[in-house]
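Understanding the architecture of this molecule
So you can see what is in the structure, the chains are spelled out below.
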Amino acid sequence: MKKVLILSGTLLMVANMGFAQDKYPEPMPMKPQMSEYWTPQPPIVTPGTATTNAVMSAPSDAIVLFDGKDLSKWQNNKGGTAGWNVHDGVVTVNKKAGDIITKQSFGDFQLHLEWQIPENITGTSQARGNSGVFLQDKYEIQILDSYNNETYVNGQTGSVYKQAPPLVNPIRKPGEWNIYDIIYKAPTFTKDGKYRTNPTVTVILNGVVVQNSTIIIGTTEYIGFPKVAPHENGPIRLQSHGDPSEPISFRNIWLREL
Ligand code: MG
């Protein structure tokens with residue numbers, strides 16, 4: 001132990017001699033690829049099969065965020081009308097209208113939502129059915145066509161984006177409905193703006209656990225590493241990724257405050 005201490009002390013001295021105090025090198029600028037990793041790919045699990053296309057209605061104490069009729073609980077980024085297309089009991093992303101966010105903000109919750117990648121989806125990797133659900137407007141649980149579509153594992157469906165890959169991959173094929181049940185615990189903060197307790201999330205996709213009380217370490221950034229800044233309760237955000245491929249649809253969105 002003593003030798004290790006002496007050695008590390010020596011290294012520190014050498015390191016200190018190498019640079020004048022105010023001349024540390026500039027850090028390398030971050031690129032998107034620097035926070036991606038591609039292996040190991042999560043095992044594929046075939047989820048159970050629904051025998052009908054029936055939608056299970058919300059429980060009695062839920063806040064129904066979308067019941068197939070209108071987007072009255074939602075708005076766009078600027079507080080205006082949520083301009084996605086409601087039809088046939090579902091809502092389809094309109095990339096010209098941008099993301100949509102709930103008017104209401106939430107702390108701890110259980111969120112249920114169903115989503116469908118269109119059968120004729122095109123594109124590869126992240127440009128194939130990309131959307132996402134942002135918890136408290138800060139932490140993205142990825143939505144992507146991850147059925148025979150390789151991408152970085154911490155960016156596929158069920159990931160905490162660029163942080164935690166899903167435990168397994170139980171996605172259904174394009175044209176079928178996927179079901180997310182997300183249990184989220186909001187963070188608390190110290191006076192100096194660090195997490196006192198990190199946010200945590202459990203995600204169940206098609207009845208299969210893909211995140212198990214995962215500790216979220218900060219915001220889910222496309223470029224760079226997670227950031228921590230204090231925040232209050234926040235809305236749910238659904239992402240319009242703006243891909244050229246066919247847009248995805250949602251139905252049956254409800255939330256229970258915990
Ligand atoms: Mg996304």
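Residues numbered from 1 in each chain as written. Predicted model: local features only at pLDDT ≥ 70, side-chain atom pairs only at ≥ 80, totals over all residues. Heavy atoms only, no water.

Bringing the layout of surface pockets into the picture now. Computed from the structure, the largest pocket encloses a volume of approximately 560 Å³. Taken together, 26 residues line the largest pocket, and the ones lying closest to its centre are Gly48, Ala50, Arg172, Glu176 and Trp177. Secondary structure elements with two or more residues in the lining of the largest pocket: β6 (109–116) and β9 (177–185). For the lining of the largest pocket, the element with the highest residue contribution is β9, accounting for three residues. Of the residues contributing to the lining of the largest pocket, the split by class is eleven nonpolar, nine polar and six charged. (1 Å grid on protein atoms, 1.4 Å probe; cavity = no way out; pocket = protein on both sides within 12 Å on 5 of 7 lines; lining within 4 Å. Points joined across faces, edges and corners; volume = space filled by probe spheres on them. Helix = DSSP H or I, 4+ residues; strand = E, 2+ residues; numbered from the N terminus. Nonpolar A, V, L, I, M, F, W, Y, C, P; charged D, E, K, R; others polar.)

It is worth spelling out the coordination of the magnesium ion at this point. Around the magnesium ion, the protein supplies Asn130 (OD1), Ser131 (O), Glu140 (OE), Gln142 (OE1) and Gln239 (OE1) as donor atoms, at distances of 2.2 to 2.3 Å. For the magnesium ion, the donor residues sit on a single chain with the sequence spacing N-S-x8-E-x1-Q-x96-Q. (Donors = N, O, S within 2.8 Å, 3.2 Å for Na, K, Ca; no water.)

Take the pattern of salt bridges next. Inspection of the entire model under this criterion finds nine salt bridges. Of the charged contacts in the structure, one is a salt bridge between Glu36 and Lys162, with a shortest N-O distance of 3.8 Å. Of the two residues, Glu36 sits in the loop between α1 (2–18) and β1 (63–66) while Lys162 sits in the loop between β8 (139–143) and β9, which places them 126 residues apart along the sequence. Like Glu36, the residue Lys162 is buried in the burial classification. Of the charged contacts, one joins Asp108 and Lys185 as a salt bridge, the two residues approaching to 3.3 Å between their closest N and O atoms. With Asp108 in the loop between β5 (100–102) and β6 and Lys185 in strand β9, this pair connects stretches of sequence that are 77 residues apart. Among the residues examined, Asp108 registers a relative accessible area of 23% and is labelled partly exposed. (Salt bridge = Lys/Arg side-chain N within 4 Å of Asp/Glu carboxyl O. Buried < 20%, exposed > 50% of the residue type's maximum accessible area, 1.4 Å probe, protein only.)

To continue, consider the nonpolar core. Counting residues in hydrophobic clusters, the biggest one holds 44 residues, and the most contacted among them are Trp74, Leu111, Trp115, Tyr180, Ile182 and Phe250. Secondary structure elements with two or more residues in this core: β1, β6, β7 (131–135), β8, β9, β12 (200–205), β13 (208–215) and β15 (249–257). If one sorts the elements of this core by residue count, β6 sits on top with four residues. Those residues in contact with Phe250, other than ones at most four positions away along the chain, are Phe66, Trp84, Val90, Val91, Val93, Leu113, Glu114, Trp115, Ser131, Ile143, Trp177 and Leu238. (Core = buried A, V, L, I, M, F, W, Y, C linked by side-chain atoms within 4.5 Å. Contact = heavy atoms within 4.5 Å.)

All right, on to the packing of aromatic side chains then. By the definition in use, this model includes eight aromatic pairs. Measuring from centroid to centroid gives 5.3 Å for Phe189 and Tyr195, while their planes differ by 35 degrees, and the two rings are tilted. Members of the aromatic cluster, each reached through a chain of ring pairs, are Phe106, Phe109, Tyr139 and Tyr184. Note that Arg251 overlies the ring of Trp177, its terminal NZ or CZ placed 4.2 Å from the centroid. (Phe/Tyr/Trp six-rings, centres within 6.5 Å; stacked < 30°, edge-to-face > 60°. Lys NZ or Arg CZ within 6 Å of the ring centre and 35° of its normal.)

Let's shift gears to the confidence of the model for the chain. In the predicted model, the chain carries a mean pLDDT of 91, and the fraction of residues at 70 or more is 91%. Every residue in residues 1–19 is under pLDDT 50, and counting partners more than four places away or in other chains gives two contacts. (pLDDT = per-residue confidence, 0-100.)

This next bit is on the pairing of β6. Most of β6 sits out of view: seven of its eight residues are buried. Note that β6 and β9 share eight bridges and pair antiparallel. Note that in β9 the partner of Leu113 across the bridge is Tyr180. In this structure, β6 lies alongside β15, joined through seven bridges in antiparallel fashion. Across the sheet, the residue bridging to His112 is Trp254, located in β15. (Pairing = 2+ DSSP bridges.)

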